[in-house]
Every structure is written in C-alpha cells, then in structure tokens.
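So you can see what is in the structure, the chains are spelled out below.
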Amino acid sequence: MSVVTVARRAGGAALAALLALFILGPLLWLLPHAFADTWRYPDLLPQGWTLRWWTTVADNPDLVAAVRWSFVFAPVVTLLSAVICLPAAYAFARRDFPGRRFFLVALFSVNAFPKIGLYAAMASLFYTLNLMTTFWGVVVVQLLGTVVFMTWLPAAAFAAVPRSLEEAARDAGAGPLTVFWRVTLPLARPGILVALIMSFLAAFDEAQGTLLVGAPTYTTMPTAMYSMVTNYPEGVAAVFSLLLSVPSVLLMLGVRRHIMGGHLAEGFQLR
C-alpha cells in the first residue's frame, strides 16, 4: 500500500471523526451535565451525580406544558402541510403550467430573508384576524417553515416515477386513482417520508415565530429554551436540551437510509 493511499485514508478517517464530533459533540456534552450534581473546572468528572434536574423538569408545570405543546403542534402542522402541499407537489412534478418555475423558486422566498421581519409583518395581520396567542396562529407560523420540504421533496419523488409504469397500469385497465395509489404513491413514498420527517423537525424546532405569536399562552420547547439561560440552573437546561434534541436525532436516524439514498438531494435538484 502506497504512502499516498495511507495518507488519503487517514485524512478521510480524521475528517469523518471531526464530523462525528461536530454532530454528536453537543449531545455528548449535555448528557453528563444532565446528571451532574456539581462540576467545577478543572475537574474532568463531576463531583457527584443526581437525578434532581430531571425531577425539576418533571415537577415544573410550565416546562411540562412546553413539552406537551411541542408534541401537539408538530404533528398537526406536519399533517396540515401534507394536505396542502402534496397536491401542489404532484402538480409541480406532472403538470406544465404558466409560472411553474416562478412558483417553485418563490417557495424559497420564505427562507431567503430573515424570518423575524416576516413574523413581525405577519403579527400585524394576525392582530387583525384575532390569531395572536391562538392555537391556529401558532400552526400557521410553524407551517411556513415546512412548505419548502413538503413541496420540493415530494415533487422530485413524483417526477422520478417512470411514466412507463403508469402507462402500463392504465393499459391493464386501472383507473387514474388506482394508478396513483398502486403505482405512483408507493414509488414516491421514500421521498414523501423524508419530507414528512423534515417538516416535523422544522415545526418542532421553530422558535421565533412561535414566541412572537403564541407567547405567553402557548410555549413550546424551543421557546422555553430562551428562559433557560437566565432563569434555571445549568443542569435543568441540559435536561431540556436533551429532550429537545433526542427526537430530532432519532427521527433523522430513522430516515437515514432514504436521506443517504439521495432523496433529500433530489428534491433540491428539481427542474
């Protein structure tokens, strides 16, 4: 084995290790802090271990409510986004209509500018419509962050389905709905699954709009993190950060095969 090959493999391994540390490092740092009683520099290990930070979170009604609302809003927003965006994704993939490319690019406009300006503009409209500090006001705000994922990724998945398979099903006597449910949808399912997970995470992690529109009536885990820095001990913040991070990590691991298979990249290569 040549020196160049060894150096190349060593460099690749080092890069992979750095990437893993960058991704997993925060979780590995939070984990001991969530159980540490006291941990002072320069000690490498805590002076003691405790579960009282977890008890503090479980006994705090405001924090428990934040956890509950996070797991209420995210599924509702994801389902509503799917109902609205999946038909649009199919139209973008299979129909050629005036303004198609313009509307595809316009979907990115929500993420092209600082969102706080958009949320401030929406707040004035929400006051007029009496949506401030309401459940559906928070849903609409969180919905904005899911539109790109729920439209582009399924559109690419629908576009990748071979037309020849659909034509063969129609030649065999299947109707349009049967072709869609038996041929198109199963083949597009991996891309749709990735879109659902990414949309769920976008809603689950949304903070600025939820804080502006929902507070103080509706507080989710990301918005509660704002008060963690100054109002709670470090151990409580570590516990809450883990509760916020673990669902994201588990869901991403669940769709890892589809993401690594290129479904995420295909969505943003849509023409």
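Residues numbered from 1 in each chain as written. Predicted model: local features only at pLDDT ≥ 70, side-chain atom pairs only at ≥ 80, totals over all residues. Heavy atoms only, no water.

### Section: the overall build of the protein
(1) Moving on: For the protein, the count of helices and strands is 15 helices and zero strands.
(2) Moving on: If you line up the protein on its principal axes, its C-alpha atoms span 75 × 70 × 35 Å.
(3) Moving on: A total of 271 residues make up the protein; the buried ones form 39% of that total.
(4) Moving on: Accessible area of the protein: about 15,600 Å², with a carbon and sulfur share of 69%.
(5) Moving on: Separation between the mean location of the 17 positive side-chain charges and that of the 12 negative ones in the protein comes to 11 Å. (Helix = DSSP H or I, 4+ residues; strand = E, 2+ residues; numbered from the N terminus. Buried < 20%, exposed > 50% of the residue type's maximum accessible area, 1.4 Å probe, protein only. Areas by Shrake-Rupley, 256 points an atom, 1.4 Å probe, with all protein chains shown as cover. Lys, Arg positive; Asp, Glu negative; His and termini not counted. Charge placed at Lys NZ, Arg CZ, Asp CG, Glu CD.)

### Topic: the packing of aromatic side chains
The description of two aromatic rings rests on the distance between their centres and on the angle between their planes.
(1) Moving on: Summed over all chains, the structure comprises 14 aromatic pairs.
(2) Moving on: Relative to Tyr-218, the ring of Phe-135 has its centre 6.3 Å away and its plane inclined at 70°; by these criteria the two rings are edge-to-face. Residue Phe-135 is found in helix H7 (residues 135-144), and its partner Tyr-218 is found in the loop between helix H11 (208-214) and helix H12 (221-231); the two are separated by 83 residues along the sequence.
(3) Moving on: For Tyr-218, a relative accessible area of 15% corresponds to the buried category.
(4) Moving on: Relative to Phe-204, the ring of Phe-200 has its centre 5.9 Å away and its plane inclined at 15°; by these criteria the two rings are stacked. Residue Phe-200 and its partner Phe-204 are located together in helix H10 (residues 176-205), separated by four residues, close to a single helical turn. Just as Phe-200 is buried, Phe-204 falls in that class too.
(5) Moving on: Taken together through their ring pairs, the aromatic side chains of Trp-69, Phe-73, Phe-135, Trp-136 and Tyr-218 make up a single cluster. (Phe/Tyr/Trp six-rings, centres within 6.5 Å; stacked < 30°, edge-to-face > 60°.)

### Some words on the nonpolar core
(1) Moving on: Counting 30 residues, the largest nonpolar core has Val-57, Leu-63, Phe-73, Phe-204, Met-228, Val-236 and Phe-240 as its most contacted members.
(2) Moving on: Elements with a minimum of two residues in this core: helix H1 (3-35), helix H2 (52-59), helix H3 (61-94), H7, H10, H12 and helix H13 (234-254).
(3) Moving on: Once you skip the residues sitting within four places of it in the chain, Val-236 turns out to touch Trp-53, Thr-56, Val-57, Leu-63 and Met-228. (Core = buried A, V, L, I, M, F, W, Y, C linked by side-chain atoms within 4.5 Å. Contact = heavy atoms within 4.5 Å.)

### Brief notes about unusual backbone geometry
(1) Moving on: Omega for the peptide link from Ala-215 to Pro-216 comes to 0°, which places this bond in the cis form.
(2) Moving on: Positive phi values are uncommon outside glycine, yet Asn-130 reaches one of about 60°.

### So, the pattern of salt bridges
(1) Moving on: Scanning the entire structure with this criterion turns up two salt bridges.
(2) Moving on: Residue Arg-52 pairs with Asp-37 through a salt bridge whose shortest N-O separation is 3.0 Å. In this pair, Arg-52 is assigned in helix H2 and Asp-37 in the loop between H1 and H2, connecting sequence segments 15 residues apart.
(3) Moving on: Note on Asp-37: relative accessible area 31%, which makes it partly exposed.
(4) Moving on: For the salt bridge of Arg-94 with Glu-166, the shortest nitrogen-to-oxygen distance reads 2.6 Å. (Salt bridge = Lys/Arg side-chain N within 4 Å of Asp/Glu carboxyl O.)

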